[in-house]
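Chain residues, written in single-letter form:
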Amino acid sequence: MIYNFDEIIDRKDTSCVKYDALEKYFGYKDLQPLWVADMDFKTPDVIIKALKEKADKGLFGYPISTQKTDTLVKEWMKKRHNWKIEESWISYVNGVVPAYSAAVEAFSEEGDEIIVQTPVYFPLFNHIKSNNRKMITNPLIEDNGYYKMDLEDLKAKITPKTKIFVLCSPHNPVGRVWSKEELEELAKICLEHNILMISDEIHADIVFKKFTPLASISEEIADHTLTLNSPGKTFNTAGLNCAYAICKNKSIMKKFMVEAQRRGITSINVFGYVALEAAYEFAEPWLEELLVYLKNNISYTKDYLTKHNSKVTFLEPQATYLLWLNFKNTISEYNKVKQKLLEEAQIALNEGTSFGIEGKGYFRLNCALSKNKLEEALSKIVTHF
């Protein structure tokens, strides 16, 4: 491999949430952090080089996207996901979560219903409630560790007040890559009820099997889908606040952008555009090696837990670097599992219940770190569980 993913970088005291906010969120300073979904790998050198060149010019005024920016996003979607989009379908925002919140406001009224599939990325909950909408859960079905959609439950929960369906694709935290057939069935239901589909596809590049963007399936689905994405997870540039929305339907995009502008989320960090362009133009070789390293880390985790007869289990994810660890066969009381992880194992993981009540008994582990550091964490887990 050309790139060194084994390098250990000290992230303490770098204003890093993952390391420097441990005491704030967990009550302990000296924990090994495997929680926040960013990577402990250095951002690709080609991106760092581009950022340095921009910084050396000493000009940090208001930026704007260019024809090159649009072209690179368009070409990336075609090359990585076989999705043919037009440059006119793209609009830039300062984050997927702010964009999602703006979409909730733009396409529903107070009291309207928005459906999410739990367990799921918890900020989706917050922005439904903060916008005074009603959250309806369509829990995923777990069958021997394999998660699938419960479309019968979805049909039963749709009412005239259901305005938006939120898709997490690939799914965080369970790591599913939804098949084209699953997405077609889901979309058919939403189309029949004129429900807008918001598809959070921020993990779309970190996949270990074929990924299908929801809006790529058909013209009709594309006309009813707002896709949100960013290079932030893929290239570890989340702190540069550059994301984008894609929508074929001009009316939907216009309505979304009116709300996005009202909220002031269309002003992109000057370095955000630079990082996006460098990533999509030059960093694909780095991504290919990253995927190999992550896949090896996932397999290593599975083998390590098995070898040490740990009662902690997980289904190997089809996407993301997030492992949905099942602690149900360890200690019966969930709070005691949490306490033991913090006080004895001294590891910070995301609590499963933060992703919905269906996450009780689970914790999410971020395995995007050096193999040596991963082994250190796994050793602590098998020692105590």
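Structure: see above.
Residues numbered from 1 in each chain as written. Predicted model: local features only at pLDDT ≥ 70, side-chain atom pairs only at ≥ 80, totals over all residues. Heavy atoms only, no water.

Participant: Just give me the short version of the overall build of the chain, but keep the residues and values in it.
Facilitator: The helix and strand inventory of the chain stands at 15 helices and 14 strands. Scaling as 2.2 N^0.38, a compact globule of 385 residues should have a C-alpha radius of gyration of about 21 Å, and the chain matches this with 21 Å. If one aligns the C-alpha atoms of the chain with their principal axes, the spans along those axes are about 55 × 55 × 35 Å. Counting only residues that meet the buried cut, the chain has 56% of its 385 residues in that class. By sequence separation, contacts in the chain at least 24 residues apart represent 73% of the contacts at least 6 residues apart. On the chain, roughly 17,200 Å² of surface is accessible, and the fraction owed to carbon and sulfur atoms is 48%. Taking the 49 positively charged and 52 negatively charged side chains of the chain as two groups, their mean positions are separated by 1 Å. (Helix = DSSP H or I, 4+ residues; strand = E, 2+ residues; numbered from the N terminus. Rg over C-alpha atoms; globule rule 2.2 N^0.38 Å. Buried < 20%, exposed > 50% of the residue type's maximum accessible area, 1.4 Å probe, protein only. Contact = heavy atoms within 4.5 Å. Areas by Shrake-Rupley, 256 points an atom, 1.4 Å probe, with all protein chains shown as cover. Lys, Arg positive; Asp, Glu negative; His and termini not counted. Charge placed at Lys NZ, Arg CZ, Asp CG, Glu CD.)

Participant: Tell me about helix 8 (residues 180-192), and please be specific about residues and values.
Facilitator: In an α-helix there are 3.6 residues to a turn, and that puts residues three or four apart on one side. For helix 8, built from 13 residues, the straight-helix expectation of 18 Å at 1.5 Å per residue is met to within 8% by its first-to-last C-alpha distance of 18 Å. Its buried side turned inward, helix 8 meets strand 6 (146-148), helix 7 (151-157), strand 7 (162-168), strand 8 (196-200) and helix 9 (219-222). A positive backbone phi angle near 55° is found at Asn194, which sits one or two residues after helix 8. (Expected span 1.5 Å × (residues − 1).)

Participant: Before we move on, could you go through the environment of Pro44 and cite the residues and values that matter?
Facilitator: Tracing the backbone through its elements, the reader meets Pro44 in the loop between strand 1 (32-33) and helix 3 (45-56). Among the residues examined, Pro44 registers a relative accessible area of 2% and is labelled buried. Taking the C-alpha atoms as reference points, Pro44 and Asn229, separated by 185 residues in sequence, lie 19 Å from one another.

Participant: How would you sum up the packing of helix 5 (residues 96-106) against helix 11 (residues 250-263)? Please name residues and give values.
Facilitator: To describe two helices that pack against each other, one gives the angle between their axes and the distance between the axes. For the pair helix 5 and helix 11, the least separation of the axes is 9 Å and the interaxial angle reads 120°. Read as a crossing pair, helix 5 and helix 11 show a hand that is right-handed. Seen from helix 5, the contacting residues are Ala99, Ser101, Ala102, Ala103, Glu105 and Ala106; seen from helix 11, they are Lys255, Phe256, Glu259, Ala260, Arg262 and Arg263. Residue composition of the contact of helix 5 with helix 11, grouped by class: 6 nonpolar, 1 polar and 5 charged. (Axes fitted to C-alpha atoms, helices over the stretch in contact; angles between N-to-C directions. Left-handed = near helix turned anticlockwise from the far one by under 90°. Nonpolar A, V, L, I, M, F, W, Y, C, P; charged D, E, K, R; others polar.)

Participant: Give me the state of the cysteines: which residues, what numbers.
Facilitator: By definition, a disulfide links the sulfur atoms of two cysteines through a covalent bond. Overall, the coordinates contain 0 disulfides when judged by the stated rule. We note that Cys168 lacks a disulfide partner, and the nearest cysteine sulfur, in Cys190, lies 15 Å from it. For Cys168, a relative accessible area of 4% gives the class buried. Cys247 takes part in no disulfide bond, and the closest cysteine sulfur to it belongs to Cys190, at a distance of 14 Å. Owing to a relative accessible area of 3%, Cys247 belongs among the buried residues under this scheme. (Disulfide = S-S within 2.5 Å.)

Participant: Can you break down the sheet that holds strand 7 residue by residue, with the values?
Facilitator: Spatial strand order, 2-10-9-8-7-3-4: 7 strands in an open sheet with mixed pairing. Two strands in the sheet have a free side with no partner beyond their single neighbour: strand 2 (90-93) and strand 4 (134-137). Averaged over all neighbouring strand pairs, the angle between strand axes comes to 25°, with direction disregarded. With 3 bridges joining them, strand 3 (residues 113-116) and strand 7 adopt parallel strand pairing. Looking at the pairing, Ile115 lines up with Phe165 of strand 7. Lying over the sheet, helix 5 contacts strand 2, strand 3, strand 7, strand 8, strand 9 (225-229) and strand 10 (243-246), oriented at roughly 160° with respect to strand 9. Along the sheet, helix 11 contacts strand 2, strand 8, strand 9 and strand 10; its crossing angle with strand 2, the most-contacted strand, is approximately 15°. (Pairing = 2+ DSSP bridges.)

Participant: Tell me about the pattern of salt bridges, and name the residues and values.
Facilitator: What the rule picks out here adds up to 24 salt bridges. Ionic pairing is found between Glu152 and Lys155, a salt bridge with its closest N-O pair at 3.4 Å. Taken together, the residues span about one helical turn, with Glu152 and Lys155 both in helix 7 at a distance of 3 residues. Given the relative accessible area of 55%, Glu152 is considered exposed. (Salt bridge = Lys/Arg side-chain N within 4 Å of Asp/Glu carboxyl O.)

Participant: Describe the packing of aromatic side chains, with residues and values.
Facilitator: Per the stated rule, a full pass over the model turns up 21 aromatic pairs. Judged by centre distance (5.7 Å) and plane angle (45°), the ring pair of Phe60 and Phe271 falls under tilted. With Phe60 in the loop between helix 3 and helix 4 (67-81) and Phe271 in helix 12 (residues 270-282), the pair connects residues that are 211 residues apart, well separated along the chain. The class for Phe271 is partly exposed, based on a relative accessible area of 21%. Taken together, the aromatic side chains of Phe5, Phe41, Trp76, Phe235, Tyr280, Trp286 and Tyr293 make up a single cluster linked through ring pairs. A cation over a ring is seen here: Lys302 above Phe314, with NZ or CZ 4.9 Å from the ring centre. Positioned above the aromatic ring of Phe385 is the side chain of Lys340, whose terminal nitrogen or guanidinium carbon lies 5.5 Å from the ring centre. (Phe/Tyr/Trp six-rings, centres within 6.5 Å; stacked < 30°, edge-to-face > 60°. Lys NZ or Arg CZ within 6 Å of the ring centre and 35° of its normal.)

Participant: Just give me the short version of the sheet that holds strand 14 (residues 362-366), but keep the residues and values in it.
Facilitator: Within the open sheet, the 3 strands sit side by side as 11-14-13. Their pairing is antiparallel. The sheet terminates laterally at strand 11 (322-326) and strand 13 (350-351), the two strands that pair on one side only. In the sheet, strand 13 pairs with strand 14 via 2 bridges, with the strands oriented antiparallel. When the bridges of strand 14 are listed, Asn350 appears paired with Arg364.

Participant: Which residues make up the pairing of strand 14, and what values go with them?
Facilitator: Two faces make up the sheet, and in a regular strand the side chains alternate between them. Summarising burial for strand 14: 5 of the 5 residues are buried, a large majority. Alternating positions in strand 14 separate into two faces, Tyr362, Arg364 and Asn366 on one and Phe363 and Leu365 on the other, with burial throughout. Sheet topology note: the strand 11/strand 14 ladder contains 5 bridges and is antiparallel. When the sheet's bridge partners are listed, Leu322 is paired in strand 14 with Asn366.

Geometry only, nothing functional implied.
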